[in-house]
Structure formats: structure tokens, C-alpha cells
Amino acid sequence: MPEFIKDLETLLRTHSALVDPKKSLHVYFNRTDYGCVKDYPVAIVHDQKRIKEEDALQYFKKNCLLDEEGFSYDEYPKDDLERIATYAPKYIQNAGFMLATTKDVPEPTFFNKFKGDYWKKIQSTEGLEAVIDISALTTETSACEAEDALRAIIRKRKEVHQLKKITFVWIVEINGENENIPTVMKHYFEDSTMVVKNARKTYYMGWSDPLQDINMRYFVCPPE
């Protein structure tokens, strides 16, 4: 078990009911030795030809976010990345939360493998510990619906090849309990799962160290 899982367990079990982990998990990690960033950029659109909406394209151009040939840069200031996420969210990929080994969280740098790539993706995960995604589901969510939500996240994360090298954590928040979630957790994370209670909420947590070890071949609910 990665060491930070115990920190996650404590944070989920003891946080105030007035605080939403989906928005503030990174704040909790201030109490630990780890660094944590919300909405950490892991990919940005590569070529202006991929930007279909005129207002989004003009935003990139007016703010000098593309080079003379119309390609995105390898690096951006943090403020620029945050504004792209606000004004052109289709053209940047952010991970829910990125956990780093120290408080000094590495700034992302991007690269494209081929000229025609849609995305320019982070070059390295050096100094990064884990990517954490949190989903708010309900007591009525079926196993198939939970599986669909998880597989969509895993596919998105695995598209960014560097992320396959680090730990992936999925946390499901339920206002109550849901007996279907452990079934999905067990299928994809085997014994690397945990259930945490906090007042009326239940947090189901599963992790894979690293992400690439998750087997996507088999389903809880096979496609028809």
C-alpha cells in the first residue's frame, strides 16, 4: 500500500461535514509532507486546426497561446493554464488532483510525439506520486453505471502515457451507502480497496500502483 493512502484515509474520515473533498482535497494535504494540486494540467491541444470553435481559437490567438505556426507551446505559466481551463476547457485536460512527493509540485511541460497528434501531453511524471479522481455517485447508482464512470476516467488517464507510471486512485463519495460500489472496486483494484465512513457519507476508495496495471479487458457488466 502506498504510504499516502493512510493520509487519504485519515483526511476522508476526519474532515468537517462543511468541507467538500471534491473541491478541497488538496487543502487537506497541507497537513502532510506531500504536495497536492487541484486540476493539474496533463495535456493541451497541439494544433490550432483542432480548435473548432471560433471564440476558443480567438482566445488562444489574442492571448498569444500559440506559436507563429499555430502550435501550442511546451510550457505555460500557471495563470495561462488556469484561464484556458476556464475559457476553452475542451482544449486542455486536467487531472482531478495530482499528488507530488514533496511540497514543490513540478510544473507541467508538454510534448507531442507526432506532428498530427491532437494532444500535447506531459513529458514526465518525475516528482509526481499519484493522480486522484473523485466521483460523487448516489445510493441508487448501479454497478454498471459505476463501472462506466470508472472506465471513462481510466481511459482518459491512460491516454496520457506518462500517467501510467504513477499510482491511480479512485474515490467514490456516497451520501449514504451503496452495495454496488465494492463490486466494481474489487473487480478493478482487487485487494487495494478501502471503505471510509464520515458522518452520513461513505467513501469507497481503490488504487492501482501503477495505473498501467489496471486490467481493462474484463467487465463487471460486459457490453451486449
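Everything discussed here concerns the structure shown above.
Residues numbered from 1 in each chain as written. Predicted model: local features only at pLDDT ≥ 70, side-chain atom pairs only at ≥ 80, totals over all residues. Heavy atoms only, no water.

Draft legend 1. Seen up close, the sheet that holds strand 7 (residues 193-198). Across the sheet, which stays open at both edges, the 8 strands sit in the order 3-4-1-2-5-6-8-7 with mixed pairing between neighbours. A single partner strand is all that each edge strand has here, and the edge strands are strand 3 (110-111) and strand 7. Strand direction decides the pairing type here: strand 6 (residues 167-175) and strand 8 (residues 201-208), joined by 8 bridges, are antiparallel. What sits directly across from valine 169, in strand 8, is tryptophan 207. Against the sheet, helix 1 (residues 4-14) contacts strand 2 (92-100), strand 5 (128-137), strand 6, strand 7 and strand 8, and its axis sits at roughly 25° relative to strand 7. (Pairing = 2+ DSSP bridges. Helix = DSSP H or I, 4+ residues; strand = E, 2+ residues; numbered from the N terminus. Contact = heavy atoms within 4.5 Å. Axes fitted to C-alpha atoms, helices over the stretch in contact; angles between N-to-C directions.)

Draft legend 2. Looking closely at the environment of tyrosine 87. Within the secondary structure, tyrosine 87 is located in helix 4 (residues 78-87). Separated by 132 residues in the primary sequence, tyrosine 87 and phenylalanine 219 place their C-alpha atoms 36 Å from one another.

Draft legend 3. Spotlight on the state of the cysteines. Scanning the model with the defined rule gives 1 disulfide in all. With a sulfur-sulfur separation of 2.0 Å, cysteine 144 is cross-linked through a disulfide to cysteine 221. On the sign convention where negative is left-handed, the bridge of cysteine 144 and cysteine 221, at about -90° about the S-S bond, is left-handed. Pair noted here: cysteine 144 is in helix 5 (residues 143-159) and cysteine 221 is in the segment after strand 8, with a separation of 77 residues, a long-range link. (Disulfide = S-S within 2.5 Å.)

Draft legend 4. Broad picture of helix 1. Buried within helix 1 are the following residues: Phe4, Ile5, Leu8, Glu9, Leu11 and Leu12. Projected down its long axis, helix 1 shows its buried positions confined to an angular sector of 165°, all on one face. Buried residues in helix 1 make contact with helix 2 (21-28), strand 2, strand 5, strand 6, strand 7 and strand 8. (Buried < 20%, exposed > 50% of the residue type's maximum accessible area, 1.4 Å probe, protein only. Arc of directions from axis to C-beta.)

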